[in-house]
Amino acid sequence: MRGQDMYDVIIIGAGVSGCAIARELSRYEGNFCVLEKSEDVCCGTSKANSGIVHAGHDAKPGSMMAKMNVRGNFLMESLSKELDFPFKRNGSMVLCLEEDKKDKLTALYEQGIVNGVPGLQLLDGKKARELEPNISPDTVAAIYAPSGGIVCPFGLNIALAENACTNGVKFYFHTEVRELDREQDGWSVKTNNGEFQSRFVVNAAGVYADVLHNMVSEEKIHIVQRRGDYMLMDHAVGDYVSHTIFQLPDEKGKGVLVTPTTHGNLMVGPTAIDVEDKEGNQTTQEGLDQIREKAGRMVVNPPLWEVITSFAGLRAHEDGHEFIIGEVKDAPGFVDCAGIESPGLTSAPAIGEYVAGLLQEHFKWKKNPEFTGTRKGILNPGDLSPEERNQLIKENPSYGTIICRCENVTEGEIIDAINRPLGARTLDGIKRRTRAGMGRCQSGFCSPKTMEIMARELEISQTEICKSGPESFILKK
Amino acid sequence: MTQCDLVIIGGGPAGLAAAVAARKQGVEDILILERDGELGGILNQCIHNGFGLHTFSEELTGPEYAARFIEKVQEEAIPYKLHTMVLNITKEKTVTAMNREDGLFDIQAKAIVLAMGCRERPRGALNIPGYRPAGIFSAGTAQRLVNIEGFMPGREVVILGSGDIGLIMARRMTLKGAKVKVVAEVMPYSGGLKRNIVQCLDDYNIPLKLSHTVIDIQGKERLTGVTLAQVDENRRPVPGTEIQYKCDTLLLSVGLIPENELSKSAGIQIGSVTRGPVVNESLETSVEGIFACGNVLHVHDLVDYVSEEASMAGENAAHYIKNKEMYAARKEIPVNTGEGVRYTVPETLDIQRMRSNQTLRFRVGSVYTGAYVSVYLDDKRIQHKKRQVLAPGEMETVILKQEELQKYPKLQKITVRIEEE
């Protein structure tokens, strides 16, 4: 058995939902751990999505999605300050491009009001274009949601995980759950990395949540991987729009959006293409063509010549299109957190609060006296005044060496990313924590230098360094 | 704030030649800022030979070529700072830079020479669909890993793009024991030098597939294969022409982009074709007293031409420092691109300031055999020279004579065009 004794709660999955739950649980004096099959936190759905903090007008009134969305949106701002991750309330717009669809727009607006979305406004085409000059001249009306925002999805996920870790939650990586057995006082969780015992299990396994659920319950659920392809553009065009621009949603979801990111890039996507493979996150020509075409309908001449990368993520779409959150009826002690597709990222803080609340009702833990609710992110010297920056370099000269010239990331930041709680162990891990390699040259210049730093700090050979998964070696031995 | 007559940004071949030339013109106060750990730039990783035929009439390796200029910099005792990143420049010519020893610091320059070089176009910019595994490198990154760091990036290699670095790396990987299966080029012609195709591909029996591109990338962790397909005249894949290659490495040599983020911070106008600063005959950018040369200005085929151009920029910067008033009034005649010509450098020309023999460099847009390079002063053709072959991979030159241009006081425009029989 792994760990010193029986856990109160094992969370399966270190994505944004799992880590949000872990962080909320860490407020209590319980014994918690997170099992993650990948090498790092934020490796599945949480790493490849729109990074949007949705206002909350899209979900059906009364649904879990609607409640979690509006609550998550409300919590995000204060959380971003407590845990120091990039968030901006840039406002969002839903465009109506055809006269005969205005009714649909009005209905969406009214749904937003019912869901409790604050500050919603209906604009005519002219007003909408005044607010956002580069939107399509065909815009006949728009919803403006001032509470819409953008968040760095890695930043949010990593911050939650680090804070949970600091407050005593254990994380096991490369640990894939193979079997779940109900025992007298809880669950036996069998993994490729040993057996774990726990009173409760939380299933936050993203696109695999149905597999786990169906191991323990007769009431089967089914998740389909709904792939979203994206294109990311250079900072040079990061201000092409200032709001997040949506079209009217269709049966497959909110459709393609055009948005600035918290780091000053411009992003377009996603598609919605259902795939069989739970790891099938490759982009396709069809997908990329769709984005080009759809983005071109929403904004005038989208600057796609500035694309620096394209990628795809998989949404965990459950057939009922609703968040499935709660204890499974025929599996006491097994709590689902399944079907967390959009607005899952927005909802994460609310999901964490809600699931931790459910568990606290059962366990009635005491408060964790050592809980620290704040966390400092990796210092970005670019945010300092020149005087402060010079002081920093004097104290720690590694902040004077730029490693990633595209994103101006210093050696000091990379060392911090490696050595902090749940530190980066892969090139992608460094990238998600510091942005080194995420810029316009896409790691061409910095990766050899980053690898050198990793080898030095981790006391390993450069030939052992992986991009992400355990077989993704950068170099050949 | 520290004052400096001439700040040179970049200590590669362009920056070094500019520094040496400026010193020869009597500029005492020069500072070279280099982001890497040694002078010489990308030449340091180009350990193959073929450099210097024009400049030194002998064949040198990249490091040897760089050493010739580094020695001159050291002989002239020109100061330089290594591991120093320039973070910003302004149109008032304040340079903000940073390193471990000095921290963040500002320098007020009288003149600046931009010599930051270029970067490689990454996979993302091409929108090649597929997975994103390890094993995809730009050719220059692979070159650094092999030649500087001493590592092998892969064993079974496909190369996309027949730019010079891709061709050189096809040979280099083969010599290091890798199997280079194919070089694919989306265009119907190679973007590299003819001599590199012969010496790097033909001599090693590496096939070059023109009008082909990668349409899919396989492998979730490390690359396991790529799919190539033929493309039509619009560069769209032709269905039914797919070929599957098993490989663990994909090298990309699909274009170089001048690194002008700093230039943009100073508000310098950037050309849409070269993606480098728009310059006049003095290689002066749209901001007075800021000059540009080498690959930051436009991507060169041979380093010899970089050195030649950079020497001009260095001399001009020296001239500017001493004769500032000559640069304030601009009476510049546009140099236009006619049929077949993608761009020219410089883009404008002042007859007063131009040299008696002014070099104008350009590239053509496709392959021509037996065509003429013509120069027009307004509608009058003054040059018409037959060339056996003109190719996009090779930079072309025409020389304009000051005394000839002085005969046309009302000259409105100069045009370079390619004329076929």
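Residues numbered from 1 in each chain as written. Chains lettered and ligands numbered in written order. Predicted model: local features only at pLDDT ≥ 70, side-chain atom pairs only at ≥ 80, totals over all residues. Heavy atoms only, no water.

Right, let's talk about empty space enclosed by the protein for a bit. In total, this model carries 3 cavities of 30 Å³ or more according to the counting rule given. Looking at the largest cavity, its volume works out to about 650 Å³. Lining the largest cavity are 36 residues, and of these Gln442(A), Ser443(A), Gly444(A), Lys467(A) and Ile136(B) lie nearest its centre. Contributing elements (two or more residues each) for the lining of the largest cavity: strand E18 (307-318), helix H11 (427-434) and helix H12 (447-458) of chain A together with strand E9 (118-120), strand E10 (136-138) and helix H4 (139-147) of chain B. Looking at side-chain class alone, the lining of the largest cavity contains 17 nonpolar, 12 polar and 7 charged residues. (1 Å grid on protein atoms, 1.4 Å probe; cavity = no way out; pocket = protein on both sides within 12 Å on 5 of 7 lines; lining within 4 Å. Points joined across faces, edges and corners; volume = space filled by probe spheres on them. Helix = DSSP H or I, 4+ residues; strand = E, 2+ residues; numbered from the N terminus. Nonpolar A, V, L, I, M, F, W, Y, C, P; charged D, E, K, R; others polar.)

Moving on: the domain arrangement of chain B. Residues and elements named next belong to chain B. Taken domain by domain, chain B consists of domain 1 (1-119 + 255-330), domain 2 (122-254) and domain 3 (331-421). Inter-centroid distance (C-alpha atoms) of domain 1 to domain 3 is 25 Å. On the domain 3 side, the residues contacting the 24 residues of domain 1 number 20 residues. Between domain 1 and domain 3, a total of about 1900 Å² is buried, with carbon and sulfur atoms accounting for 50% of that surface. Our enumeration of links across domain 1 and domain 3 arrives at 4 salt bridges. For Arg361, the salt bridge is made with Glu309, and the minimal N-O distance between the two is 3.8 Å. Where domain 1 touches domain 3, the interface holds 14 residue pairs in polar contact (both at pLDDT 80 or more). (Domains from an automatic or database assignment. Contact = heavy atoms within 4.5 Å. Buried area = accessible area lost by both parts, 1.4 Å probe. Salt bridge = Lys/Arg side-chain N within 4 Å of Asp/Glu carboxyl O. Polar contact = N/O pair within 3.5 Å; in protein donor to acceptor, adjacent residues only side chain to side chain.)

Quick look at the sheet that holds strand E4 (residues 87-88) of chain A now. Remark on secondary structure: sheet strands pair via backbone hydrogen bonds, oriented parallel or antiparallel. All names here are of chain A. Pairing within the open sheet is antiparallel, and its 3 strands lie in the order E3-E8-E4. The sheet terminates laterally at strand E3 (52-53) and E4, the two strands that pair on one side only. In this sheet, strand E8 (residues 149-151) lies alongside E3 in antiparallel orientation, the contact comprising 2 bridges. Each residue of the ladder has a partner; that of Val53, found in E8, is Gly149. (Pairing = 2+ DSSP bridges.)

Time to look at the interface of chain B and chain A. Taken together, the 41 residues of chain B in the interface contact 53 residues of chain A. Summed over both partners, the interface of chain B with chain A comes to about 4000 Å²; 54% of that surface belongs to carbon and sulfur atoms. Broken down residue by residue, the surface that chain B buries against chain A is led by Arg100(B), Asn127(B) and Arg132(B), which jointly contribute 17%. Inspection of the region where chain B meets chain A yields 6 salt bridges. For the salt bridge of Arg100(B) with Glu411(A), the shortest nitrogen-to-oxygen distance reads 3.4 Å. The interface formed by chain B and chain A holds 17 residue pairs in polar contact (both at pLDDT 80 or more) in total. Those elements that place two or more of their residues in the side of chain B that touches chain A are strand E6 (85-89), strand E7 (94-99), strand E8 (103-114), E9, E10 and H4 of chain B.

With 100% of its residues at a pLDDT of at least 70, chain B reaches an overall mean of 96. Reported for the predicted complex are a pTM of 0.95 and an ipTM of 0.94. (pLDDT = per-residue confidence, 0-100.)

According to the stated counting rule, one finds 14 aromatic pairs over all chains in the structure shown. With 4.9 Å between their ring centres and 70 degrees between their planes, Tyr172(A) and Phe196(A) make a pair best called edge-to-face. One end of the pair, Tyr172(A), is in strand E9 (residues 170-172); the other, Phe196(A), is in strand E12 (residues 194-203), with 24 residues separating them in the sequence. Comparing Tyr172(A) with Phe196(A), the two get one shared label, buried. Residues Tyr65(B) and Phe69(B) carry aromatic rings whose centres are separated by 5.4 Å and whose planes lie at 35 degrees to one another, so their mutual orientation is tilted. Separated by 4 residues within a single helix, Tyr65(B) and Phe69(B) lie in helix H3 (residues 62-75), roughly one turn from each other. Note on accessibility: Tyr65(B) and Phe69(B) belong to one class, buried. Among the aromatic side chains, those forming a connected cluster through ring pairs are Tyr28(A), Phe32(A), Phe200(A), Phe363(A) and Trp365(A). A cation over an aromatic ring shows up here: Lys278(A) above the ring of Tyr208(A), its NZ or CZ 5.9 Å from the ring centre. (Phe/Tyr/Trp six-rings, centres within 6.5 Å; stacked < 30°, edge-to-face > 60°. Buried < 20%, exposed > 50% of the residue type's maximum accessible area, 1.4 Å probe, protein only. Lys NZ or Arg CZ within 6 Å of the ring centre and 35° of its normal.)

Before going further, it helps to examine the pairing of E7(B). Residue and element names in this part refer to chain B. Across the 6 residues that make up E7, a large majority, 6, are buried. Taking every second residue as pointing to the same face, both faces of E7 are buried, with Thr94, Thr96 and Met98 on one and Val95, Ala97 and Asn99 on the other. Note: E6 against E7, 4 bridges, orientation antiparallel. Bridged to Ile89 within E7 is Val95. Following E6, the chain reverses through 4 residues before pairing antiparallel with E7; Lys93 in that reversal takes a positive phi of roughly 70 degrees. In this sheet, E8 lies alongside E7 in antiparallel orientation, the contact comprising 6 bridges. Bridge pairing in E8 links Ala97 to Phe105. Hairpin connection, E7 to E8: the antiparallel pair is bridged by 3 residues.

On to the domain arrangement of chain A, then. Residue and element names in this part refer to chain A. When cut into domains, chain A gives domain 1 (88-149 + 224-312) and domain 2 (381-464). Centre-to-centre, using C-alpha coordinates, domain 1 lies 32 Å away from domain 2. With 6 residues of domain 1 in contact, the opposing surface of domain 2 contributes 6 residues. Together, His235, His263 and Ile308 form the three largest contributors to the area buried by domain 1 at its contact with domain 2, with a combined 65%. Counting every contact that joins domain 1 to domain 2 gives 1 salt bridge.

So, on to the nonpolar core. Leu6(B), Ile9(B) and Leu114(B) are the most contacted members of the largest nonpolar core, which has 68 residues in total. Per-element accounting of this core gives the leading share, 9 residues, to helix H8 (residues 303-322) of chain B. Two domains each put at least three residues into this core: domain 1 (1-119 + 255-330) and domain 3 (331-421) of chain B. Residues Ala14(A), Val16(A), Cys19(A) and Phe87(A) belong to the second largest nonpolar core, which totals 56 residues. (Core = buried A, V, L, I, M, F, W, Y, C linked by side-chain atoms within 4.5 Å.)

A few words on the pattern of salt bridges. All names here are of chain A. Counted by the stated rule, this structure contains 55 salt bridges over all chains. For Arg199, the salt bridge identified is with Asp8, shortest N-O distance 3.0 Å. Taken as a pair, Arg199 in strand E12 and Asp8 in strand E1 (residues 7-12) lie far apart in primary sequence, 191 residues in all. Judged by relative accessible area, Asp8 falls into the buried class, the value being 11%.

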